[in-house]
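Letter by letter, the chains look like this.
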Amino acid sequence: MHDLYGLPITCEIDATRQGIDDFVHGFISFQPKAANVIDVARADADNGLANAYAAILYMLLEAPIAPKLAAPFLANARKATGLTAREQAAVEAARLFVAGKIPKLIELCEATVSAYPRDMVMLKLGQYHTFNIGDFPAMLRIAHKAQPEAADIAYAHGMLAFGFEECHLLDEAEAAARHALTIDPSEPWAHHALAHIYLTRGQVAEGTAFLESVAHHWSELNSFMHSHNWWHLALFYISTGRTDDLLKTYDTHVWGLAKDYSQDQVGAVSLLARMEFAGINVGDRWNDVADHIAKRGADTVSPFLTLQYLYALGRTGRPEAETLLHAIEARAEDTTQHDHAAWRDVALWAAHGIAAHAAGDDDDAIRFLSKALPRLAETGGSHAQRDLFEQIHLDALIRSGRSSRAQQVLEMRRSYDPDGVPLNRMLADAYDKSGLPEQANIARKRSRLHLAK
Ligand SMILES: [Fe+2]
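An account of the accompanying structure is given in this report. Counting restarts for each chain, with residues numbered from 1 along the sequence as it is written. With pLDDT at 70 or above as the cut-off, local features in this predicted model cover only qualifying residues; side-chain atom pairs require 80 or more to be listed or tallied, and sums for whole chains, interfaces and linings still use all residues.

Our focus in this paragraph is the overall build of the chain. Only DSSP runs of H or I reaching four residues or more are called helices, and only runs of E reaching two or more are called strands; each is numbered from the N terminus. A tally of helices and strands in the chain yields 24 helices and zero strands. In this setup the radius of gyration rests on C-alpha atoms only. A globule is expected at 2.2 Å times the number of residues raised to 0.38. Relative to a compact globule of 453 residues, whose C-alpha radius of gyration would be 22 Å, the chain shows 22 Å and is just as compact. Seen along its three principal axes, the alpha-carbon backbone of the chain occupies a region of about 75 × 50 × 35 Å. As a rule, residues whose C-beta atom has 12 or fewer other C-beta atoms within 10 Å are exposed, those with 20 or more are buried, and those in between are partly exposed; C-beta atoms are placed from the backbone. Looking at the 453 residues of the chain, the share that counts as buried comes to 52%.

Structure (structure tokens):
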């Protein structure tokens, strides 16, 4: 048989082939049907590819329990015989993922896409892992390897677009994203790449209009893509002072879709924190998020995620914050993992900075976060997401009355948020405190531009 992109698969059962296709297409288009591969793999335990994909899907849970859940599927996959070389690579990818051998997994993904450029699972998986370790040129390189053979696949261009964007090649990113949308106007990863491009260019009005015009495509997507694209739109609502739309977006599209899922949780944390830094009262919204995060226990699957869990636990004064901080300290000393340096040199300092910020110790928050910020990309996340940590640092500068340093940070932030309502309010305050009333008035006027509209 062949999969939906014409790649040969070792399969005799039509339902199994359909489950494999659902995973391939669901994974790259962010549709819940990707999970159909689980039942199919259970029903057809001899099918190596279906079982490898099921194991990979469980690992994408980003939870400490994931390797345990993936294990029976991986065992089935490894027992399978008669697989093609590409299918064997998928089984090996699942094994490396479960074993935490991420650098080797990335090498394998890249080699497989080179040999089979229409293998969209290996492309997506390679991008996922290179993104998580902050290797953005590798994200772009692996997406290039799919071309020109995958030129007809919109998602391949969406992935190329995000690779370009994370490399700060915005013009190339925009061209690739627009091209993806000419093939499939509903391609959500291309919408997402454009959200990043508009944000980085400071095109707040254009970004808002664009995302609002395509948001109807996201309602049936998995909770990550649904909530994350809305999260991007919410960032624009913060900038333009659209508080009612912002809170409605949070309540309807960001928090509440899959409350136990890592990405939904950090999206909520990141948005609540940003709303508060913008001076918005978020009511009791922290509690539900922190309740769900507290249930994760000492989860150090990813430094980028863990730091945001810590923020929520610290912000709500939960005892679990202390436990998680100890787990981070232990992880920073564990030299057996591939991401040891990211934990030791970056996440550990950021964690202490976040804990200090939660305790109201601004001096330590600034001191520790300053050590982490220059290398934060090594912990994973996009630069739009990592901006949360810049904002925690900025908040500590403002709270502690360091107006001169805050002015420097805020004026630089205007390059991508020129007329931002909260940004210019903070700037006006920093200028007032720095004895520059004229600049304060100019900033104050800018802070009212959006509100006047
Ligand atoms: Fe994003």
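The structure having been displayed, the exposition proceeds.
This part is about the environment of threonine 182. Note on placement: threonine 182 falls in helix H10 (residues 170–183). Between the C-alpha atom of threonine 182 and that of alanine 154, which follows or precedes it by 28 residues, the distance is 8.2 Å.

Where helices are involved, their axes are fitted lines through C-alpha atoms of the stretch in contact, as for all axes, and angles between N-to-C directions lie from 0 to 180°. Axis separation between helix H6 (residues 102–115) and helix H7 (residues 120–132) bottoms out at 9 Å; the angle between their running directions is 145°. In terms of crossing hand, the pair formed by H6 and H7 is left-handed. Contact residues: H6 offers Ile102, Leu105, Ile106, Cys109, Glu110, Thr112 and Val113, while H7 offers Met122, Leu123, Leu125, Gly126, His129 and Thr130. Of the residues in the contact of H6 with H7, the class split is eight nonpolar, four polar and one charged. Two helices crossing with the near one rotated counterclockwise from the far one by less than a right angle form a left-handed crossing, whereas a clockwise rotation gives a right-handed crossing. Once C-beta atoms have been placed from the backbone, residue pairs whose C-beta atoms lie within 7 Å are recorded as contacts. When residue character is reported, Ala, Val, Leu, Ile, Met, Phe, Trp, Tyr, Cys and Pro are called nonpolar, Asp, Glu, Lys and Arg charged, and the others, Gly included, polar.

Moving on, we get to H6. For an α-helix, 3.6 residues make a turn, and residues three or four places apart therefore share a direction. Multiplying 1.5 Å by the helix residue count minus one yields the expected span of that helix. Given a rise of 1.5 Å per residue, 14 residues ought to cover 20 Å, and the 20 Å separating the end C-alpha atoms of H6 matches this to within 8%. Regarding H6, the residues found buried are Leu105, Ile106, Leu108, Cys109, Thr112 and Val113. Buried positions in H6, seen along its axis, are confined to an arc of 165° and lie on one side of it. Looking at the packing, one finds that the buried side of H6 touches helix H5 (85–99), H7 and helix H8 (136–145). The arc in question is the one traced by the directions running from the helix axis out to the C-beta atoms.

Turning our attention to the packing of helix H15 (residues 262–277) against helix H16 (residues 285–294). Two elements in contact, H15 and H16, have axes separated by 10 Å at closest approach and are oriented at 145°. Along this stretch, H15 crosses H16, giving a crossing that reads as left-handed. Of the residues in H16, those in contact with Gln265, Ala268, Val269 and Leu272 of H15 are Arg285, Trp286, Val289, His292 and Ile293.

The subject of this paragraph is the environment of proline 374. For proline 374, the position within the fold is in the loop between helix H20 (362–372) and helix H21 (383–399). Since 9 C-beta atoms lie within 10 Å of it, proline 374 is described here as exposed. Once the C-alpha coordinates of proline 374 and valine 346 are considered, the two residues, 28 residues apart in sequence, prove to be 8.7 Å apart.

Moving on, we get to unusual backbone geometry. Each neighbour pair has its own omega, and for glutamine 147 with proline 148 the value is 5°, a cis peptide bond. Summarising the element assignment, proline 148 is placed in the loop between H8 and helix H9 (154–166). The backbone of glutamate 62 shows a phi angle near 55°, a positive value even though the residue is not glycine. Turning to its location among the elements, glutamate 62 is positioned in the loop between helix H3 (48–59) and helix H4 (66–79).

Quick look at the nonpolar core now. For this entry, the nonpolar core is defined as buried Ala, Val, Leu, Ile, Met, Phe, Trp, Tyr and Cys residues connected by C-beta atoms within 7 Å. Judged by nonpolar contacts, the single largest core of 148 residues is most densely connected at Tyr53 and Ala55. Take this core: its biggest share by element is 12 residues, from helix H19 (residues 340–358). Non-local contacts of tyrosine 53, meaning those with residues more than four positions away in its chain, are made with Ile20, Phe23, Val37, Ala90 and Val121.

Taking 1.5 Å as the rise per residue, H10 with 14 residues should run 20 Å; its terminal C-alpha atoms sit 20 Å apart, in good agreement. Of the positions making up H10, those classed as buried are Ala173, Ala176, Ala177, Ala180 and Leu181. Axial view of H10: buried residues confined to an arc of 140°, hence all on one face. In H10, those exposed residues whose orientation departs by more than 90 degrees from the buried face are Asp171 and Thr182. Tucked into the core, H10 has its buried residues touching H9 and helix H11 (188–201).

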